[in-house]
Amino acid sequence: MPPKKKARVSKRTADSGKDDGTVSSSGGKRKAAASAGKNGKSSESPQYSHWLMKSEPESRFENGIDVKFGIEDLKALPDQTGCWDGVRNYQARNFMRQMKEGQLAFFYHSNCKEPGIAGVMNIVKESYVDHTQFDKKDVHYDATSKPDNPKWSMVDVQYQRMMKRFLPLSELKKYHLQHRATGGPLKDMALFTRARLSVQPLTAEEFDFILSLEDKEAL
DNA sequence: GCCAACGTTGGC
DNA sequence: GCCAACGTTGGC
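Since the model is a prediction, treat every value here as computed from it, not as a measurement.

1. Focus on the overall build of chain A
Item 1. Looking only at helices and strands, chain A features five helices and eight strands.
Item 2. In sequence order, chain A lays out its α and β elements as β-β-β-α-β-α-β-β-β-α-α-β-α.
Item 3. Within chain A, the proportion of its 219 residues that are buried is 43%.

2. Observations concerning the pairing of strand β6 (residues 116-129)
Item 1. The buried count for β6 comes to 11 of 14 residues, which makes it a mostly enclosed element.
Item 2. As defined by bridge partners, strand β5 (residues 104-109) adjoins β6 across six bridges and the pair is classed as antiparallel. Directly across from A105, in β6, lies its bridge partner M121.
Item 3. Where β5 folds back on β6, the antiparallel hairpin that results is connected by six residues, among which N111 adopts a positive phi of roughly 50°.

3. Topic: the pairing of strand β8 (residues 199-202)
Item 1. Side chains V199 and P201 project from β8 onto one buried face, and the interleaved Q200 and L202 project onto a second face that is buried too.
Item 2. Relative to β8, strand β1 (residues 50-55) is paired through four bridges, and the arrangement is antiparallel. Within the sheet, the bridge partner assigned to W51 lies in β8 and is P201.

4. So, the sheet that holds β1
Item 1. Spatial ordering of the open sheet is given by β4-β7-β6-β5-β1-β8, a layout of six strands whose pairing is mixed. At either end of the open sheet lies a strand with only one pairing partner, and these are β4 (81-83) and β8. Going from strand to strand, the sheet's axes swing by 35° on average, the running direction of each strand aside.
Item 2. Docked against the sheet, helix α3 (residues 169-182) engages β5, β6 and β7 (153-168), running at close to 85° with respect to β7.

5. As for the pattern of salt bridges
Item 1. Applying the stated criterion across every chain, the model contains eight salt bridges.
Item 2. Between E56 and R60 there is a salt bridge, with its nearest N and O atoms 2.8 Å apart.
Item 3. As a salt-bridge pair, R165 and E171 come within 2.8 Å of each other at their nearest N and O atoms. Across the pair, E171 and R165 agree in class, each one buried.

6. Some points on α3
Item 1. When the terminal C-alpha atoms of α3 are compared, their 20 Å separation across 14 residues agrees well with the 20 Å that a helix rising 1.5 Å per residue should span.
Item 2. Taken residue by residue, α3 has E171, L172, Y175, H176 and H179 as its buried positions. All buried residues of α3 fall inside an arc of 140° around its axis, so they share one side. In α3, those exposed residues whose orientation departs by more than 90 degrees from the buried face are R180 and A181.
Item 3. Those residues of α3 that are buried lie in contact with β6, β7, α4 (190-193) and α5 (204-213).

7. Overview of helix α2 (residues 90-98)
Item 1. The set of residues buried in α2 consists of A92, R93, N94, F95, M96 and Q98.
Item 2. In this structure N89 caps α2, since a side-chain oxygen of it lies 3.0 Å from the backbone nitrogen of Q91.

Reading the values: the criteria
- Residues numbered from 1 in each chain as written.
- Chains lettered and ligands numbered in written order.
- Predicted model: local features only at pLDDT ≥ 70, side-chain atom pairs only at ≥ 80, totals over all residues.
- Heavy atoms only, no water.
- Helix = DSSP H or I, 4+ residues; strand = E, 2+ residues; numbered from the N terminus.
- Buried < 20%, exposed > 50% of the residue type's maximum accessible area, 1.4 Å probe, protein only.
- Pairing = 2+ DSSP bridges.
- Axes fitted to C-alpha atoms, helices over the stretch in contact; angles between N-to-C directions.
- Contact = heavy atoms within 4.5 Å.
- Salt bridge = Lys/Arg side-chain N within 4 Å of Asp/Glu carboxyl O.
- Expected span 1.5 Å × (residues − 1).
- Arc of directions from axis to C-beta.
- Polar contact = N/O pair within 3.5 Å; in protein donor to acceptor, adjacent residues only side chain to side chain.

Function cannot be inferred from these measures alone, as they are strictly geometric.
Here it is as structure tokens:
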């Protein structure tokens, strides 16, 4: 599902700024925009600063193309940097559009033998047009998206480090259930409350708690 | 490979 | 604008 190529493509960013938006609902692009508030800059809500991004580390063929892209594949790219292309879900896209350079994201391994958090990466380039939407050869080609009004965006991410120990979904889930019952940082974690979202936000508390698990015994 | 959850599409 | 059918995600 997610990325595969390297980064480059620096030149211009285009990034149409406004343009279409979220789901449907009445007002159109409302939703999260409501909060905003201070944020002198320009656009939407800056609320989140940490992220979790899913990708599949095991080979799987979609239209004859292998979509495998695990953390080792990111690490192997030049500069250990790649573009997170192929996101074709509006909520996930909108979260990517909120990402700022320097923010941290967990690299999550999905749809595999052992799903879970494998490592940490850095957002090194803010959102810009995902060129794969116009590429008929690409698995994620989108015939409904036109170059003069692109639908899909991507960011560039750089490998930062592996987790000191792999954090399996099963363990995170145990904490989630425990925290849901008795209170705790993972009680509302998007990984469980928004199961299919491939790019999701984490609060600083969630992020820090998960990092703290590295130094604990597996649950 | 199964299938639940849930996002998207399209008829009306 | 509703909602059923359909397609995809992703754990197990």
